[in-house]
Structure formats: C-alpha cells, structure tokens
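Working through the structure, step by step
Each chain, written out:
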Amino acid sequence: MKEQEGVIKYRLSHMQQPIDPALSLTEINAWRTVLFRLGLIGQCADRYDNIGFGNISRRLEPGSSQFIISGTQTGHIEFLKSKHYCLVTEAEPKRNWLQSSGLCQPSSESLTHASVYTQDPAIQAVIHVHSPEIWRHTKSLDLPHTSADIAYGTVEMTVAVEQLFRSNSLRQASLFTMLGHEDGVIAFGNTLQAAALELIKQLSLALGIEQQANYE
C-alpha cells in the first residue's frame, strides 16, 4: 500500500499559542514564496493524493537547538502568515520526539530538520521540497541519498541522515535526496539563501540532463 503523504509520525508535545511576534519571518517567508512559485513547495491535484508538500525552517539563532518551521499542510498557501509557522523548542530525533509551540503543528518532516541541525552547528537553514527532476536524477548527478527502504519523518531517517554526514558524502553538495520518499529532497546551508540556491542549482543540472536527452 502506498504510504500516505503529510502524516506526522513522531511523538509531539505541542503548546497551542502564538509564536513570539518579535520573531522576524520576512526572509524565511520570502524564500518559501520563491520555492512555491517554482513548484518545489505546493499542492497539486495530480500529485501525492492532493496533499500539500514541502517545508522550510531556520535555526532560531546561532548556537540554538530551537528552530522555526512552516506548519503541517500549509503547502497550498503561497504567502504564509505567522499563524502558519511554529517554533520547535526541543527535539530528540532518536527518541522520535519533538516539543513545539504555535497556532499550527510543525511539519511532518520536522524530525528530519532537527536531525540535520544536530549534525552541524553551522547549519542555519533546512529546506525540504519535492522535485521529480532532482529525485529521478539522483544517480546521474551523483547526489548523496538515503535508501529506498527508509521512510520520511522516522527515527530510521534520522539515523540515515547522521550516517550521510559521517560519511563525508555531503562535502560537495549540501543536499540529499530521500529515495524512500517520492520526489523528496533536503537542502541545507549556513543561510536560507545558500540552501535555496543549492536547490536551484541542482534543479538546473537535472533539467539540463533531461533537455540534453531530448536533443539526441
């Protein structure tokens, strides 16, 4: 049976209250809108059972383990408001547990975001998108990836992410695909811009492969 998209699999302790209005969402929201317009975040009737896809986060501040992330099932909204974001205040990926606050619950991929942040304090932003082009050309682009038998949002994915970082396979590309999560791609960087530009770079390379095949 095909796995249902957008389902929260981790244990969540969530406090239903607005996030601090002093937190600036301008940059994260701007980049999210760019990714929405590129079709990397969104919701399509003919894809993934019409379930919203894609999410974006940034570390609250350098050195902090907390991060702001877009809420679950907000993919269909082009321009998010503060009520569509939440704050992950504690995360223990290997225990499958998150604590958060906000007027919405965190994305179903929050456990994977938390795992990436845990690997390197220099990482300040994580973006999860669905890109059929990048995903299907994982091998041609020689991209790091998690195996096809590892589902999104699980402890197994957390372990797989840790293994990718330990293997040094992410030195040449701050991005990996999730072969067990249809079209799933994770990018990260020391800024939101760096993470987003890595995605766009790999998308351009993937499109180049497809266009070259059409010329031959």
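Heads up: these notes are all about the structure in this document. (Residues numbered from 1 in each chain as written. Predicted model: local features only at pLDDT ≥ 70, side-chain atom pairs only at ≥ 80, totals over all residues. Heavy atoms only, no water.)

Each helix and strand counted, the protein chain has 5 helices and 9 strands in total. Along its sequence from the N terminus, the protein chain presents helices and strands in the succession β-α-β-β-β-β-α-β-α-β-α-β-β-α. Taken over C-alpha atoms, the radius of gyration comes to 16 Å for the protein chain, in line with the 17 Å a tight globule of 216 residues would show. Taking all 216 residues of the protein chain together, the buried fraction comes to 50%. Considering only intrachain contacts with a sequence separation of at least 6, the fraction spanning at least 24 residues in the protein chain is 67%. For the protein chain, the accessible area works out to roughly 10200 Å², and carbon and sulfur atoms hold 51% of it. For the protein chain, the separation between the mean place of its 17 positive charges and that of its 22 negative charges on side chains is 3 Å. (Helix = DSSP H or I, 4+ residues; strand = E, 2+ residues; numbered from the N terminus. Rg over C-alpha atoms; globule rule 2.2 N^0.38 Å. Buried < 20%, exposed > 50% of the residue type's maximum accessible area, 1.4 Å probe, protein only. Contact = heavy atoms within 4.5 Å. Areas by Shrake-Rupley, 256 points an atom, 1.4 Å probe, with all protein chains shown as cover. Lys, Arg positive; Asp, Glu negative; His and termini not counted. Charge placed at Lys NZ, Arg CZ, Asp CG, Glu CD.)

Each pair of aromatic rings is reported with the distance of its centres and the angle of its planes. Counted according to the given criterion, the structure contains 2 aromatic pairs. Between Phe67 and Tyr117 the ring centres are 5.0 Å apart and the planes differ by 35°, which places this aromatic pair in the tilted class. Of this pair, Phe67 sits in strand β3 (residues 67-70) while Tyr117 sits in helix α2 (residues 110-119), placing them 50 residues apart in sequence. On the basis of relative accessible area, Phe67 is assigned to the buried category, the value being 1%. Ring centres 5.3 Å apart and planes at 40° place the aromatic pair Phe165 and Phe188 in the tilted group. Of this pair, Phe165 sits in helix α4 (residues 155-166) while Phe188 sits in strand β9 (residues 184-189); the two residues are 23 residues apart in sequence, bridging distant segments of the chain. For Phe165, a relative accessible area of 18% corresponds to the buried category. Judged by relative accessible area, Phe188 falls into the buried class, the value being 7%. If you follow Arg95 out to its NZ or CZ, it ends over the ring of Trp97, 6.0 Å from the centre. (Phe/Tyr/Trp six-rings, centres within 6.5 Å; stacked < 30°, edge-to-face > 60°. Lys NZ or Arg CZ within 6 Å of the ring centre and 35° of its normal.)

These figures capture arrangement, not role.
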